[in-house]
Amino acid sequence: MSIFASLESEVRSYCRSWPVVFDRAVGAHLYDEDGRAYLDFFAGAGALNYGHNNPVLKKALVEYLAEDRITHSLDMHTAAKRDFLETFDEVVLQPRELDYKVQFPGPTGTNSVEAALKLARKVTGRESVVNFTNAFHGMTLGALSVTGDSMKRGGAGIPLVHATPMPYDNYFDGQYPDFLYFERLLGDASSGLNAPAAVIVETVQGEGGINAARFEWLAGLAALCREHGILLIVDDVQMGCGRTGPFFSFEGAGIVPDIVCLSKSIGGYGLPMALTLVRRDLDVWEPGEHNGTFRGHNPAFVTATAALRAYWTDDRLEKSTLAKGEQVERVLQEVCATVPGSRAKGRGLARGMAFEQAGLAGRVAGAAFRRGLLVETSGPEDEVVKLMPPLTVTDDELDQGLALFTESVRECAP
Ligand code: PMP
């Protein structure tokens, strides 16, 4: 029996799509135990925007550990935390004229969403939240309540937070007057929706199938929220940290959310880290109201700071991400022209190809794996192949990955 077979049977390994044991990783490549290389166009579902074992981040981390600096510190002030906060302010917030307080809600994106929902309810004194069809916000009971029904709720039962789903931008393929229905419900006392605490939205739905909301739609949503005194929470866990080009995925829409959830690539090195950014006047937390043991992880602060200094003090990464995204889009359009009913989707380097035929996306992902390319599927029917390489992928690696993807589609949809 192979080592992997024993893992599968005894440990009930989560990963069924990639039946190998991975061992090493550098940049945009993963290597299995037999030394076979795979191009990683999955990148930890957005957690590895700067690639695996990024040398700049690794140097900072190794030096930090070698000097016996602090790893765990709960709430204490540490030099690593201070350096991160100062750098985040200088490199991310100030240039964008954003005035958020930074909260460390716990190690994961889900923790950030939980904090955002709790705070919105506490600030407004209201309870319900508006979410969107095909949304994904996490797997704990609060975050799950605002996650779309089809997104693998795992039989969690009655949602904890009363959430009213509204149609996401792509729901009617642009045929529906944007917020007519939403506004009508807000003004109708019988709808039960007259005073939600918050709206929570992804600017591009990652798990929902790489659905990119139009900037005008997002701006309209922000205006509606402002008009009705509803807090706008943007969940930038997957699309933030440059995945769509700019640091925050909402920048192109010209909106300023009241609360922003960040995680995945903020730690930069694949280390768990999350932030909840809170409009300064909304910070009504009392001490202890949202605490946790691992909500300020010093090694992650170190790599996060190094990533901000290396990649966000100028616009080079943003520009190259947009250019690479256009390259992916061009290739996807060519491939789509050969497969009836398929569609290219996305923004920046969050790209996807949707297939009409049931099961085809999964077969394409399987064929890609056999060729040495790792891609994930998403969407309510797993109908979309996601292409999300590290933002630091080289042009050659991008071309190689796209060629492997194209061959995989040709094999499965001749
Ligand atoms: N929000 C979004 C938009 C996500 O994509 C995810 C993870 N896929 C989460 C929240 C949850 O983050 P985590 O898995 O780190 O808890």
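Thresholds, definitions, all that
- Residues numbered from 1 in each chain as written.
- Predicted model: local features only at pLDDT ≥ 70, side-chain atom pairs only at ≥ 80, totals over all residues.
- Pairing = 2+ DSSP bridges.
- Helix = DSSP H or I, 4+ residues; strand = E, 2+ residues; numbered from the N terminus.
- Axes fitted to C-alpha atoms, helices over the stretch in contact; angles between N-to-C directions.
- Contact = placed C-beta atoms within 7 Å.
- Near = placed C-beta within 6 Å.
- Domains from an automatic or database assignment.
- Expected span 1.5 Å × (residues − 1).
- Buried ≥ 20, exposed ≤ 12 C-beta atoms within 10 Å, placed from the backbone.
- Arc of directions from axis to C-beta.
- Parallel < 35°, antiparallel > 145°, perpendicular 65-115°, else oblique.
- Left-handed = near helix turned anticlockwise from the far one by under 90°.

Undergrad: Any chance you could explain the sheet that holds strand β11 (residues 259-262) here in plain terms?
TA: Within a beta sheet, neighbouring strands are joined by backbone hydrogen bonds and run either parallel or antiparallel to one another. With respect to topology, seven strands assemble into an open sheet ordered β4-β12-β11-β10-β7-β5-β6, the strand pairing being mixed. Every interior strand has two partners, whereas the edge strands, β4 (100-103) and β6 (163-166), have only one. Neighbour to neighbour, the strand axes of the sheet diverge by 20° on average, direction disregarded. Inspection of the sheet shows strand β5 (residues 129-132) paired to strand β7 (residues 198-201) by two bridges, in the parallel sense. Bridge assignment links V130 to a residue of β7, and that residue is V199. Those strands touched by helix α5 (residues 109-124) are β4, β5, β7, β10 (231-235), β11 and β12 (275-279), and its axis lies near 165° from that of β11.

Undergrad: Sorry if this is basic, but what is going on with the site of the ligand here?
TA: Inspection of the region around the ligand gives 15 residues, with T108, G109, T110, V237 and Q238 positioned closest. Among the elements that take part in the shell around the ligand, α5 stands out by supplying three residues, more than any other.

Undergrad: Which parts of the structure should I look at to understand the domain arrangement of the protein chain?
TA: Interface size is commonly expressed as the accessible surface area that is lost when the partners come together. Segmenting the protein chain into domains produces domain 1 (3-53 + 315-412) and domain 2 (59-311). Facing 28 residues of domain 1, the contacting portion of domain 2 comprises 24 residues. Listing elements by their share of the side of domain 1 that touches domain 2, those giving two or more residues are α2 (43-46), α10 (316-336), β13 (343-347), β14 (350-354) and β17 (384-387). For the side of domain 1 that touches domain 2, the element with the most residues is α10, which contributes five residues.

Undergrad: What's the story with the sheet that holds β17 in this structure? I'm lost.
TA: On the basis of which strands lie adjacent, the open sheet formed by four strands has the order β13-β14-β17-β16 and antiparallel pairing. Looking at which strands have only one partner, the edges of the open sheet turn out to be β13 and β16 (376-378). For this sheet, the mean inter-axis angle between neighbouring strands, taken without regard to orientation, is 30°. Pairing between β13 and β14: five bridges, direction antiparallel. In the sheet register, R343 faces β14, and the bridge partner there is A354. Docked against the sheet, α10 engages β13, β14 and β17, running at close to 5° with respect to β14.

Undergrad: Please explain helix α11 (residues 360-371) as it appears in this structure.
TA: Each α-helix turn comprises 3.6 residues. Residues three or four places apart therefore point the same way. The terminal C-alpha atoms of α11 lie 17 Å apart, and with twelve residues this matches the ideal 16 Å at 1.5 Å per residue to within 8%. Within α11, the full set of buried residues consists of L360, A361, V364, A365, A367 and A368. Down the axis of α11, the sector holding all buried residues measures 165°, keeping them to one side. Contacts made by the buried residues of α11 are with β15 (373-374), β16, β17 and α12 (395-412). Positive backbone phi, approximately 95°, marks G372, located one or two places after α11.

Undergrad: I'm lost on the packing of helix α4 (residues 79-93) against helix α9 (residues 298-311) in this one. Help?
TA: For any two helices packed against each other, the geometry is given by the interaxial angle and the distance between the axes. Their axes nearest at 9 Å, the elements α4 and α9 cross at an angle of 30°. By the angle between their axes, α4 is roughly parallel relative to α9. For the pair α4 and α9, the sense of crossing is left-handed. Note on element contacts: α9 touches α4 through N298, F301, V302, A304, T305, L308 and R309, opposite A80, K81, D83, F84, T87, F88, V91 and V92.

Undergrad: Can you help me understand the pairing of β10 in this one?
TA: Consecutive side chains of a regular strand alternate in pointing toward one face of the sheet and then the other. For β10, the buried fraction is high: five of the five residues fall into the buried class. Because side chains alternate across β10, one face comprises the buried residues L231, I233 and D235, and the other comprises L232 and V234, equally buried. Strand direction decides the pairing type here: β10 and β11, joined by three bridges, are parallel. Across the sheet, residue D235 finds its bridge partner in β11, namely C261.

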